[in-house]
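Close look at the chain arrangement
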Amino acid sequence: MNEDLRSVASDIVEKARARGADEADAYIRSGVESSVSVRMGELEKLIEAGSRSVSIRVIKDKRTAVCNTSDLTPKALDELVQTAVELAKISEPDEFAGLPDKADLASDVDIALQLYDERIESLTVEEMKDIVLRAEQAAFDFDKRINNSEGADFGAERGLVVLANSLGFAGSFPYTAASFSVQVMADDEDGKKRNDYWYSAERLIHRLSSPEEVGRRAAARAVRKIGARKVSTREVPVVWDPVTAAGLAGVVSNAASGEALFKRSTFLADREGEAIASPLLNVVSDARLPAQLGSRPFDGEGVATRRNQLVTDGVFQHFLFDSYYARRLGRKTTGSAVRSGDAISIGGGNLVLEAGATAPEEIIGSVQDGLYLTTLMGFGINVTTGDFSRGAAGIWIENGELTYPVTEINVSGNLKDMLRDIEAVGSDLTWLAGTAAPTIKMARLTVSGL
């Protein structure tokens, strides 16, 4: 299949060139996905589906068109190429349009990144069903107050990514992924439902957490919400658990997009080389970490991926670029192009907010009156100004101890102050799919409640 799809991609590029394209590339993704869903000990849904898609980019006289299809028959591909070339002829010219520089293309596409697990090929429905049934049962066994389940799901995927272009690049890599999750509920004394979930996601199946661990963790997160109440509005220290801290890392990554820099829609504009955060903060986008979900040998344009240090000891290092926005701003691509359908965007890689040296218990113990933040809701982030305001829930900290759950609150601040006010970074680095973060503590945020 590997060589067949490489040939298909190369043929598409040759056809585009034969029809008049100055440059062209073809990106193919082919895979098989399986999933099993259970609820309350009963099988609810089984799905197995195969999918193939090809995205073609054509550049003619600095005019670009991108088209995609899921039909890989010769006739459909001929029509796809014809359509892309015709669309390119009528699109607006852009002097910055084009494929990446040839020197930036990956030359080590066979690097051993441990992206494929043959065990996933032989994974049976019964095995997947057993895992999620055990996870759900472990949640019920954890605490008698767990009295309902919103279900448990297992998903597995295996496939191949192929890219070829008119610069002579042709590369491919196989991939697998497996994940499962369980979501359960408990009741307050007044009958209010408290639900929560946990999950595990990996490229290699032996790296998944045990079903019992995932089930117990989902149950513990639901039970600790029982009796949640509001708190009065105040400014207090806020400890972010690894889940919410991983979300903060994602905000930093989004703000570091070269597209956002070009549009002047990021608070990090003109801040390269400057301290934008506490010296304790280090953030990396690294697509070369073995066996991680965000790893890949080349990006959506065939450029070699790499480790991009975004923040080092609080100093913002540089933005992430694909070839287009790099060219527009006189920069170099960072191997950060992501291909999805007919869109080419900036992102990807494993995002890591690196661990510090402080135990999470010590961080919580340092707070006399504050919030342990476990949940963020809504989309109240303005990356241009840095304003941050989101619905939240968590556990109140008193005298260094987690005391009672809190809900229906809002946390707000400005990212420029929030990053600067990070006082502690935990040693408990936690991987959550392609993102990892530890516990962190901010000196002060506004927590709005009653």
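The following paragraphs examine the structure supplied in this document. (Residues numbered from 1 in each chain as written. Predicted model: local features only at pLDDT ≥ 70, side-chain atom pairs only at ≥ 80, totals over all residues. Heavy atoms only, no water.)

1. Remarks on the overall build of the protein
Per the secondary structure count, the protein includes nine helices and 20 strands. At 24 Å, the protein has a C-alpha radius of gyration in line with the 22 Å of a compact globule built from 450 residues. Its C-alpha atoms give the protein principal-axis dimensions of roughly 70 × 55 × 35 Å. Per-residue burial over the protein gives 52% buried out of 450 residues. Within the protein, contacts between residues separated by at least 24 positions form 72% of all contacts whose residues are at least 6 apart in sequence. Summed over its atoms, the accessible surface of the protein is roughly 19,100 Å², and 47% of this surface lies on carbon and sulfur atoms. Here the protein carries 51 positive and 67 negative side-chain charges, and the mean point of each set is 3 Å from the other. (Helix = DSSP H or I, 4+ residues; strand = E, 2+ residues; numbered from the N terminus. Rg over C-alpha atoms; globule rule 2.2 N^0.38 Å. Buried < 20%, exposed > 50% of the residue type's maximum accessible area, 1.4 Å probe, protein only. Contact = heavy atoms within 4.5 Å. Areas by Shrake-Rupley, 256 points an atom, 1.4 Å probe, with all protein chains shown as cover. Lys, Arg positive; Asp, Glu negative; His and termini not counted. Charge placed at Lys NZ, Arg CZ, Asp CG, Glu CD.)

2. Topic: the sheet that holds strand S18 (residues 430-432)
Reading across the sheet, the six strands line up as S10-S9-S8-S13-S19-S18 and stay open at both edges, with mixed pairing between neighbours. The strands lining the two open edges of the sheet, one partner per strand, are strand S10 (315-316) and S18. When strand S8 (residues 283-286) meets strand S13 (residues 350-353), the two strands line up antiparallel, connected through four bridges. Note on S13: the bridge partner recorded for Ser-285 is Leu-351. Where helix H5 (residues 242-255) meets the sheet, it contacts strand S9 (307-312), S13, S18 and strand S19 (435-437), and its direction lies at approximately 115° from that of S13. (Pairing = 2+ DSSP bridges. Axes fitted to C-alpha atoms, helices over the stretch in contact; angles between N-to-C directions.)

3. Side note on the packing of aromatic side chains
Geometry of an aromatic ring pair is reported as the spacing of the ring centres plus the angle between the planes. Counted under the stated rule, the structure contains nine aromatic pairs. Geometrically, the ring pair formed by Trp-198 and Tyr-199 is tilted, given 5.8 Å between the ring centres and 40° between the ring planes. You can call Trp-198 buried: its relative accessible area is 6%. What makes Tyr-199 partly exposed here is its relative accessible area of 25%. On the basis of an interplanar angle of 50° and a centroid distance of 5.7 Å, the ring pair of Phe-262 and Tyr-325 is categorised as tilted. With Phe-262 in helix H6 (residues 258-262) and Tyr-325 in helix H7 (residues 323-328), this residue pair connects regions lying 63 residues apart in the sequence. On the basis of relative accessible area, Phe-262 is assigned to the partly exposed category, the value being 32%. Put simply, the rings of Phe-169, Phe-173 and Phe-298 pair up and form one aromatic cluster. The ring centre of Trp-198 lies 4.2 Å from the NZ or CZ of Arg-217, which sits over that ring. Across from the ring centre of Tyr-404, 3.5 Å away, lies the NZ or CZ of Arg-229, which sits over that ring. (Phe/Tyr/Trp six-rings, centres within 6.5 Å; stacked < 30°, edge-to-face > 60°. Lys NZ or Arg CZ within 6 Å of the ring centre and 35° of its normal.)

4. What to know about a nonpolar patch on the surface
Taken together, the side chains of Leu-43, Leu-46 and Val-125 present a nonpolar region at the surface, about 230 Å² in accessible area. Assessed through its relative accessible area of 34%, Val-125 is described here as partly exposed. (Patch = residues over 30% accessible without salt bridge, like charges linked within 9 Å, V, L, I, M, F, W, Y side chains within 5 Å. Salt bridge = Lys/Arg side-chain N within 4 Å of Asp/Glu carboxyl O.)

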